[in-house]
Amino acid sequence: MTFGILEDRYLEKVPGTGLLSDKGIVHGHEVAIDEARDLKRGTGKHAHVVLIPQPSDDPRDPLNWPRWKKEACFWTLAFAASLDGALSPMVGPGYVLLAKQFDVSVDNVTSSFGFILLGLGIFMLAQNALAVKFGHRIVYLTSVSLMFISCIWCALSPNLASIRASRLFQGFGMSALQSLVASTLEQIYFVHERGSRTVIWSFAIMAGITLGPLICSYVIENLSWEFGFWFVSIPLGMTVIMMFFFVPETTFRRNESLRSLKGHDGDEDSAEKSIITNDVESVHNTSSRDPTPTYRSQLKLWHGTFTDESLWRIFLRPFPLLLSPVTYFLFLTHGMQTVWLSLVPLCSSTIFTLEYNFTASQIGLTNLGGIVGIVLAIFISGPLNDWGVVWMSRRNRGVYEPEFRLVFMLSMLFGIFGYVGWAVGNDHRMPWIGAVACITMLNFSMVVSGAAAVTYLLDTHGPNALHVLALSNFGKNMVLYGSTFFANGLVLARGVKVALLILGACQAVCWLASVPMYVCGKRVRSFIARHPHIFRGELDAKTSDDEAKR
């Protein structure tokens, strides 16, 4: 039982568990691990880290890309993700003003602009199927182009009906940057690099969610809400160009074979210095002699198809994953936590108008608390996420367990304190700075725990992680869209305190889901591996027929 994680009773080698360090700590002493001597390692300060997955020798393998190419791809996607995050809540501070302009209720305005969530949820599963069939690059380019065009459409919209239609298409475009990026991270980065990159991706989305309403609030107050969409279309147009030049195709088909690493039998002393590990992926591509592709050749939009499977079958592929406990864990800890947090800017116009009589620009400034929380999260948990799992692996005789990531789910407690503290403080006439401090805690919780949950998903479900994330995001956006019809009305009818206490209770329930996942996660991974006919493509290690039938 490693750090409280239950061992599996069926498989000796559970997929996901692997040798991450060539040195281990046994009884307080550092020992070398013989099984790591033939495996590829990292460089520099990561020279002791065994690369998972093991890269091929093919120069086309994204794992073998030079550092500048990976960075250009990643930061372009991060910038696009920040704009993606801004589009949904950017008009939030002006909902009360817009309700007066269109002579409708605040909930009517909220649900109209909330059509973006409906489009986001509907297209989430479809874009995953397109990415698997035709590759990531063409999906990314289509998505950002659609976001750009629909922003101009929204700025020209004369009524709520046109706004609803344009926001629906905006949601179609946004879907790739909210789920497909996780798959791209899995394709171009090793296990010991993914944690910090996932934190930065989460930071980018959350920064957009908080900065978008802040900037747009001044535009709404001094110009008009239409100008907000005109302004955001400028960086979106730049993103289309950046995506074309800096985000090549990351899908790469490998012929995978696995190398089983086992410790040697011997006396008790030698057993302490050896280890029975799980299979570590070792990739050998028969086309490794192919020449390095030129930069110009990678700019083409069409790369053919990457699978012979029909689009319909690929579209249906995520649904068996509803039987995976990891899907529900991700939905609760990442998806639903995003719902609670997104309701804050959606209702901020009502909350701060009721309690503090704020103007639109003042409401927008409350998002500065979110920025502080996000920045703290990225500087604290960014490097700590990957360093922490390497540290724990060394104290587990060099063996990495994906459940090590879930230690960071403790940060969800900050979210509980934020909601409850805001509710109690509001009842005692807390000044506005107290509410902003609570928003800081909410955003800190989301970035740290959300990144940990997504990284855990990448480590456990591998290539099918994008399908699980799509299912989670579909459910999240449907719940959030439904909430836009009554959220502001609930605040008006029941009061700010009751509304925030409800969110705090929901956050607590979602956090509790991480406890059984941490303890039983290894057995869950074994369950997935022993049922490949259900979780197709999930078997990371070769298991014997009798193991698979047990």
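Residues numbered from 1 in each chain as written. Predicted model: local features only at pLDDT ≥ 70, side-chain atom pairs only at ≥ 80, totals over all residues. Heavy atoms only, no water.

A. The arrangement of the confidence of the model for the protein in detail. Of the residues in the protein, 84% have a pLDDT of 70 or more, and the chain-wide mean is 78. The weakest mean pLDDT in the protein belongs to helix 9 (residues 268–272) at 35; the strongest belongs to helix 5 (residues 136–155) at 92. A low-confidence stretch, residues 22–34 stays under pLDDT 50, and its non-local contacts, those more than four residues away or across chains, total 36 contacts. Below pLDDT 50 for its whole length, residues 256–288 participates in 85 contacts with residues either more than four positions away or in separate chains. (pLDDT = per-residue confidence, 0-100. Helix = DSSP H or I, 4+ residues; strand = E, 2+ residues; numbered from the N terminus. Contact = heavy atoms within 4.5 Å.)

B. Structural context of the packing of aromatic side chains. Inspection of every chain in the model, using the stated rule, returns 19 aromatic pairs. Of the aromatic side chains, those joined through ring pairs into one cluster are Phe102, Phe113, Trp225 and Phe229. Geometry around Phe244 places Arg137 over its ring, the cationic atom sitting 5.2 Å from the centre. Taking the ring centre of Tyr10 as reference, the NZ or CZ of Arg530 above it sits at 4.0 Å. (Phe/Tyr/Trp six-rings, centres within 6.5 Å; stacked < 30°, edge-to-face > 60°. Lys NZ or Arg CZ within 6 Å of the ring centre and 35° of its normal.)

C. Expanded view of the pattern of salt bridges. Tallied over the entire structure, the rule returns nine salt bridges. Between Lys522 and Glu401 there is a salt bridge, with the nearest N and O atoms lying 2.9 Å from each other. Pair noted here: Lys522 is in helix 19 (residues 514–529) and Glu401 is in the loop between strand 6 (399–400) and helix 14 (412–427), with a separation of 121 residues, a long-range link. The exposure class of Glu401 is buried, given its relative accessible area of 2%. Note that Lys497 is salt-bridged to Asp427, the shortest N-O span being 3.2 Å. (Salt bridge = Lys/Arg side-chain N within 4 Å of Asp/Glu carboxyl O. Buried < 20%, exposed > 50% of the residue type's maximum accessible area, 1.4 Å probe, protein only.)

D. The side chain of Ser150, seen in detail. Note that Ser150 resides in helix 5. Not counting the four nearest positions on each side in its chain, Ser150 is found in contact with Ser166, Phe169 and Gln170.

E. Seen up close, unusual backbone geometry. Its identity is not glycine, yet Asp103 carries a phi of approximately 55°, on the positive side. As for its position among the elements, Asp103 is in the loop between helix 2 (95–102) and helix 3 (106–113). Classification of Asp103 by relative accessible area gives exposed; the value is 69%. The backbone of Arg429 shows a phi angle near 55°, a positive value even though the residue is not glycine. Residue position: Arg429 is located in the loop between helix 14 and helix 15 (432–461).

F. Up close: the environment of Val448. With respect to the element layout, Val448 can be found in helix 15. As a C-alpha pair, Val448 and Leu376 span 72 residues in sequence and 9.6 Å in three-dimensional space. Excluding residues that lie within four positions of it along the chain, Val448 makes contacts with Ala377, Ser381, Phe408 and Ser411.

G. Structural view of helix 2. Along helix 2, the positions that sit buried rather than exposed are Tyr95, Leu98, Ala99 and Phe102. Here the buried residues of helix 2 occupy an arc of 105° about the axis, which is enough to place them on one side. Residues of helix 2 that are buried in the fold lie against helix 3, helix 6 (160–188), helix 8 (225–246) and helix 11 (325–356). Asp103, located one to two residues past helix 2, shows a positive phi value of around 55°. (Arc of directions from axis to C-beta.)

H. A look at the state of the cysteines. Counting across every chain of the model gives zero disulfides. Considering cysteine sulfurs only, Cys154 is the nearest to Cys151, which forms no disulfide, with 7.1 Å between them. On the accessibility criterion, Cys151 (0% relative accessible area) is buried. (Disulfide = S-S within 2.5 Å.)

I. Inspection of a nonpolar patch on the surface at higher detail. On the surface, Leu156, Leu223, Phe227, Trp230, Phe231, Ile234 and Met238 cluster together to form a nonpolar patch covering roughly 700 Å² of accessible area. Topologically, Leu156 is positioned in the loop between helix 5 and helix 6. (Patch = residues over 30% accessible without salt bridge, like charges linked within 9 Å, V, L, I, M, F, W, Y side chains within 5 Å. Areas by Shrake-Rupley, 256 points an atom, 1.4 Å probe, with all protein chains shown as cover.)

J. Expanded view of the nonpolar core. The biggest cluster of nonpolar side chains holds 133 residues, and the ones touching the most others in it are Trp225 and Trp422. Per-element tally for this core: the top contributor is helix 15, with 15 residues. Look past the residues within four positions of Trp422 in its chain and what remains in contact with it is Val344, Ile351, Phe352, Phe417, Met430, Ala435, Cys438, Ile439 and Leu500. (Core = buried A, V, L, I, M, F, W, Y, C linked by side-chain atoms within 4.5 Å.)

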